[in-house]
Amino acid sequence: MGDLLLDDPAPFVRRLTLNRPEARNALSTALLGEIADALDAAAADDAIRTVVITGGPKVFAAGADIKELATRDVPGALLDTRVGHWSRVRRFPKPLLAAVAGFALGGGCELAMHADIVVAGEDAKFGQPEINLGIVPGAGGTQRLARLAGAQIAMKLVLSGEFLDAAEAKQCGLIAEIASDPAARALDLAVKIAAKPPLAARLAKELVLAARDAPLDVGLAFERKAFAALFATADFKEGVGAFLEKRKPNFAGK
Ligand code: CAA
């Protein structure tokens, strides 16, 4: 079996399962490349509308592969192919969910933060312990954590290497939900989202990301245009028609 398992557990839903238990799902460059490739393939495939990424029952992902990091030098870090892999993960245009059980540390926490919706198990632990290795987070951890959870929490985690438990992560907005079976709940949400009109879902994702990353004026103007553009879709007619005819809509993504 490979380090990344792919399956389609429901119509329109692809699941990526990190599968390096012997290294606690550490994100080797090869594994990160496989994740980026799998997301590129899902982005290009009209039969896939949402993706769920998950790990094992005790560890989501323990971060970058420290055995690989041990040989990294400055030019190697600057020219690292990982940068390109991470930007492909960041650019994934469809709704991405993460089901986190156990540890999501370093690059594992950063991977979870790339997801649009994170569902965590009651035992989940989130942290950016890179400081213990003499480095700092390198895949957006300082920036995303500060934006998602606030500067105080980001400072605490990044400076002390302490972890947040699931309840703390929920309280500070790092995750959407805590579930007794996070994999099942994330899948349930993915199935629900996959039944929505895919063009509207893609734009909704872009708009909420813009709320985090762009000034309010820019985000509001973008929302206005996206709102108007969706009136041209067949899915808008289908959604409204289904409501008026009191039937379930069947969205084609057109
Ligand atoms: N990279 C490589 N190997 C790792 C690893 C990692 N991030 N995390 C764990 N492993 C390996 C261990 O070396 C060990 O291998 P051996 O059996 O060959 O000795 C095996 O996985 C089991 O590890 P543990 O005995 O530590 O497992 P545990 O279940 O007791 O603890 C854990 C799990 C809490 C996740 C712990 O392994 C841990 O703290 N891991 C490191 C977490 C970390 O520091 N992450 C930050 C990495 S740096 C980074 O991510 C930078 C970046 O974003 C750019």
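Summary of the structure given here. (Residues numbered from 1 in each chain as written. Predicted model: local features only at pLDDT ≥ 70, side-chain atom pairs only at ≥ 80, totals over all residues. Heavy atoms only, no water.)

Looking at unusual backbone geometry
Moving on, step 1. Even without being a glycine, Phe12 presents a positive backbone phi close to 70°.
Moving on, step 2. Within the element layout of this structure, Phe12 appears in the loop between strand S1 (4–10) and strand S2 (13–18).
Moving on, step 3. Although it is not a glycine, Asn25 adopts a positive phi angle of roughly 60°.
Moving on, step 4. As for its placement among the helices and strands, Asn25 is situated in the loop between S2 and helix H1 (29–44).
Moving on, step 5. Classification of Asn25 by relative accessible area gives buried; the value is 4%. (Helix = DSSP H or I, 4+ residues; strand = E, 2+ residues; numbered from the N terminus. Buried < 20%, exposed > 50% of the residue type's maximum accessible area, 1.4 Å probe, protein only.)

Notes on the site of the ligand
Moving on, step 1. Residues in close proximity to the ligand total 20 residues, the closest being Ala62, Ala64, Ile66, Gly107 and Glu110.
Moving on, step 2. Between Ala62 and the ligand, the recorded distance is 2.9 Å, taken from a backbone N or O atom to a nitrogen atom.
Moving on, step 3. Bound to the protein, the ligand loses 63% of the 1000 Å² it would expose on its own.
Moving on, step 4. Looking at the shell around the ligand, the elements that each hand over two or more residues are helix H2 (66–69), strand S6 (103–105) and helix H5 (107–114).
Moving on, step 5. Ranked by residues supplied to the shell around the ligand, first place goes to H2 with three residues.
Moving on, step 6. In terms of residue class, the shell around the ligand is made up of ten nonpolar, four polar and six charged. (Near = heavy atom within 4 Å. Polar contact = N/O pair within 3.5 Å; in protein donor to acceptor, adjacent residues only side chain to side chain. Areas by Shrake-Rupley, 256 points an atom, 1.4 Å probe, with all protein chains shown as cover. Nonpolar A, V, L, I, M, F, W, Y, C, P; charged D, E, K, R; others polar.)

Quick look at the nonpolar core
Moving on, step 1. Within the largest apolar cluster, 44 residues are counted, with the highest numbers of intra-cluster contacts made by Ile35, Val100 and Phe126.
Moving on, step 2. It is H1 that provides the largest number of residues to this core, a total of seven residues.
Moving on, step 3. Once residues within four sequence positions are removed from consideration, Ile35 is found in contact with Leu4, Leu16, Leu18, Leu27, Ile53, Val89 and Leu111. (Core = buried A, V, L, I, M, F, W, Y, C linked by side-chain atoms within 4.5 Å. Contact = heavy atoms within 4.5 Å.)

Looking at a nonpolar patch on the surface
Moving on, step 1. A contiguous nonpolar surface patch, about 630 Å² in accessible area, is contributed by Phe227, Phe231, Phe236, Val240, Phe243 and Leu244.
Moving on, step 2. When residues of the nonpolar patch are assigned to their parent elements, the largest contribution, four residues, is made by helix H12 (residues 234–244).
Moving on, step 3. On the secondary structure map, Phe243 appears in helix H12. (Patch = residues over 30% accessible without salt bridge, like charges linked within 9 Å, V, L, I, M, F, W, Y side chains within 5 Å. Salt bridge = Lys/Arg side-chain N within 4 Å of Asp/Glu carboxyl O.)

Notes on the packing of aromatic side chains
Remark: the centre distance and the inter-plane angle together describe each pair of aromatic rings, the angle taken between the planes.
Moving on, step 1. Inspection of every chain in the model, using the stated rule, returns three aromatic pairs.
Moving on, step 2. Relative to Phe231, the ring of Phe227 lies with its centre 5.1 Å away and its plane at 85°, an arrangement referred to as edge-to-face.
Moving on, step 3. On the basis of relative accessible area, Phe231 is assigned to the partly exposed category, the value being 41%.
Moving on, step 4. For the cation-ring pair, Arg49 lies above Phe12, with the distance from its terminal atom to the ring centre recorded as 3.8 Å. (Phe/Tyr/Trp six-rings, centres within 6.5 Å; stacked < 30°, edge-to-face > 60°. Lys NZ or Arg CZ within 6 Å of the ring centre and 35° of its normal.)

A look at helix H4 (residues 81–90)
Each turn of an α-helix holds 3.6 residues, which means side chains three or four residues apart point in the same direction.
Moving on, step 1. By the burial criterion, the buried members of H4 are Arg82, His85, Trp86, Ser87, Arg88 and Val89.
Moving on, step 2. The secondary structure elements touched by the buried residues of H4 are H1, H2 and H5.
Moving on, step 3. Its side-chain oxygen at 3.0 Å from the backbone nitrogen of Arg82, Asp80 defines the N-terminal cap of H4.

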